[in-house]
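Spelled out from the first residue to the last, the chains are:
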Amino acid sequence: MVEKITVGHVHMSGCTGCLVSFADNYEGLFKILDNYADLVYALTLVDVRHVPEMDVALVEGSVCLQDKISVEEIKETREKAKIVVALGGCAAYGNITRFCRGGQWNQPQMESYVPIGELIDVDAVIPGCAPTPQQIRNVAIMAYLLLKGNDEQKELATAYLKPLMDLAKRGDEACGCDLMYDVINQGLCMGCGSCAAACPVRAVTMEYGKPQVNRDLCIKCGACYAQCPRSFFNFDVMNEFEGITELIKGVME
Ligand code: SF4
Ligand code: SF4
């Protein structure tokens, strides 16, 4: 057995829903922890008080700029982690914390919340509010294969992770309007409805075969654009779909 990778869960201004989603892998999570990854940091689960060195940091939540400890912790995370993953809409795009504006007791000064990408370089994004258990599981497995696998496994893991790395490069702003600007306005929408199915708050409805976004409902999680097959349809991944599925199945058995 090859040595495990080290994984940490870094909790910024999040709701712990992303961690719950990771835990929703049930036996799958135990399988990962038994064979592939040591959880070296997670304030909710592990009694380690300070950010350690780690291979993969799964960062949940945005950063409050008025909270010095949070700002220091995210910078320390970048220094100590080989791979930083923005886990979920808050870390990746701000999500619901984009609407924070301070003025609430007992810390009325806490008013500016930004996605982690505004303060540090992010390697990959797992979008969603919350991301699905399978998405998080797959990224954990692929990170393991990327760092510890043979050449073929590294290649598959790279293909799998590339769209999530491209999302990180794309930026740290998301909104249902992305469907309009980057899909419909580009003549790419084919009316499949995946965006409406992905939206956690039902802000997207299909009208005359095209998505209609209710911006007052949108919480800016980025799920609709990420799930749209016309945002990034990665042929490297799709062509390797069977191989990747078999690989994940093999790892989880
Ligand atoms: S998921 Fe993309 S292609 Fe499908 S309806 Fe929505 S915007 Fe159009
Ligand atoms: S429309 Fe829905 S899925 Fe898209 S960013 Fe807004 S809340 Fe998220």
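Residues numbered from 1 in each chain as written. Chains lettered and ligands numbered in written order. Predicted model: local features only at pLDDT ≥ 70, side-chain atom pairs only at ≥ 80, totals over all residues. Heavy atoms only, no water.

A. Looking closely at the sheet that holds strand β3 (residues 54–60). A sheet is described by the order of its strands in space; here five strands give the open sequence β2-β1-β3-β5-β7, paired in parallel fashion. Each edge of the open sheet carries a strand with a single partner, namely β2 (37–42) and β7 (124–126). If you compare each strand with its neighbour and ignore which way they point, the axes differ by 25° on average. Across six bridges, β3 lies against strand β5 (residues 81–87) in parallel orientation. Opposite E60, over in β5, you have L87 as the bridge partner. (Pairing = 2+ DSSP bridges. Helix = DSSP H or I, 4+ residues; strand = E, 2+ residues; numbered from the N terminus. Axes fitted to C-alpha atoms, helices over the stretch in contact; angles between N-to-C directions.)

B. Representation of the packing of helix α5 (residues 133–148) against helix α11 (residues 241–252). The geometry of α5 relative to α11 is characterised by a closest axis approach of 11 Å and an angle of 90° between their N-to-C directions. On the basis of their axis angle, the class for α5 and α11 is roughly perpendicular. Facing R137, N138, I141, M142 and L145 of α5, the residues of α11 in contact are I244, L247, I248, V251 and M252. (Parallel < 35°, antiparallel > 145°, perpendicular 65-115°, else oblique. Contact = heavy atoms within 4.5 Å.)

C. Main features of the pattern of salt bridges. Throughout the structure, instances matching the rule amount to nine salt bridges. Put simply, D166 and K169 hold a salt bridge, and the shortest N to O gap is 3.7 Å. Linking D166 with K169, this pair stays in helix α6 (residues 151–170), spanning three residues, or about one helical turn. Residue classification places D166 among the partly exposed positions, given a relative accessible area of 29%. (Salt bridge = Lys/Arg side-chain N within 4 Å of Asp/Glu carboxyl O. Buried < 20%, exposed > 50% of the residue type's maximum accessible area, 1.4 Å probe, protein only.)

In short, geometric facts, not functional conclusions.
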